[in-house]
Amino acid sequence: QVQLVESGGGLVQPGGSLRLSCAASGGIFRVNDMSWYRQTPEKEREWVATITSDGTTTTADSVKGRFTISRDNARNTAYLQMNRVKPADTAGYYCYAQIFTSPVRNLEVWGQGALVTVSS
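Procedures and definitions
- Residues numbered from 1 in each chain as written.
- Predicted model: local features only at pLDDT ≥ 70, side-chain atom pairs only at ≥ 80, totals over all residues.
- Heavy atoms only, no water.
- Pairing = 2+ DSSP bridges.
- Helix = DSSP H or I, 4+ residues; strand = E, 2+ residues; numbered from the N terminus.
- Axes fitted to C-alpha atoms, helices over the stretch in contact; angles between N-to-C directions.
- Buried < 20%, exposed > 50% of the residue type's maximum accessible area, 1.4 Å probe, protein only.
- Disulfide = S-S within 2.5 Å.
- Phe/Tyr/Trp six-rings, centres within 6.5 Å; stacked < 30°, edge-to-face > 60°.
- Lys NZ or Arg CZ within 6 Å of the ring centre and 35° of its normal.

1. Some points on the sheet that holds strand β1 (residues 3-7)
Sheet strands pair via backbone hydrogen bonds, and the direction of the pair is either parallel or antiparallel.
So, step 1. Taken together, the four strands give an open sheet; going across it, the order is β1-β3-β8-β7, and neighbouring strands pair in antiparallel fashion. Lying at the two open borders of the sheet, with one neighbouring strand each, are β1 and β7 (67-72). Recorded for the sheet is a direction-independent mean angle of 15 degrees between the axes of neighbouring strands.
So, step 2. The sheet contact formed by β7 and strand β8 (residues 77-82) spans six bridges and is antiparallel. Its bridge partner lying in β8, D72 is registered against T77.

Next up, the structure:
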C-alpha cells in the first residue's frame, strides 16, 4: 500500500537547523502536491508549507523566511529545511500528499509524524 515515511526529527537548539524528509513508496504512478503540517496538544493542526508537482511553493507566515519546502521527484521525496528554529516550532510534523496509484485512482496519504523539539 502507498505510504509516506518521515525521518529527520529530533532535538535541536534554538537558532539551529534541522531537515525533515518525507518519502513516498508503494506502487506510485504520480505524486501531486505535497505539504507539511504541524500539531501540538495546545493547537489544532496547522498548515506549514506546500509544494506543487511543478515546484511552486507556499509557506505559512509564521515560518516564512526560515523554513523551505522542496522535493525530489525522482525519489518521490519532499523535504522541509528548518533554519533559525524557535521554541515555538516544537511540534509533531506531518507530511501529506495526494498520490495517484494509476491514471485514474487517487489517494490522500499522511505520514506517521516526526517530533521536533527546540530546546537548550
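2. So, the side chain of R66
So, step 1. Secondary-structure assignment places R66 in the loop between β6 (57-59) and β7.
So, step 2. For R66, a relative accessible area of 8% corresponds to the buried category.

3. Re the state of the cysteines
So, step 1. Under the counting rule described, the total for this entry stands at one disulfide.
So, step 2. Two residues, C22 and C95, share a disulfide whose sulfurs are 2.1 Å apart. Disulfide C22 to C95: torsion about the S-S bond roughly -80 degrees, handedness left-handed. Taken as a pair, C22 in strand β3 (residues 18-25) and C95 in strand β9 (residues 91-102) lie far apart in primary sequence, 73 residues in all.

4. Thoughts on unusual backbone geometry
So, step 1. In this structure, N76 takes a positive phi of about 50 degrees despite not being glycine.
So, step 2. Tracing the chain through its elements places N76 in the loop between β7 and β8.
So, step 3. Look at N76 and you get partly exposed, because its relative accessible area is 25%.
So, step 4. Of note, R84 is a non-glycine position whose phi angle comes to about 50 degrees, a positive value.
So, step 5. Its place among the elements puts R84 in the loop between β8 and β9.

5. Some remarks on the packing of aromatic side chains
So, step 1. A full pass over the atoms with the stated rule returns three aromatic pairs.
So, step 2. Aromatic pair Y96 and W110: ring centres 4.9 Å apart, planes at 50 degrees, arrangement tilted. Linking Y96 in strand β9 with W110 in strand β10 (residues 105-110), this pair joins segments that are 14 residues apart in sequence.
So, step 3. One aromatic cluster is present, formed by Y37, Y96 and W110 through successive ring pairs.
So, step 4. Note that R45 overlies the ring of Y94, its terminal NZ or CZ placed 4.1 Å from the centroid.

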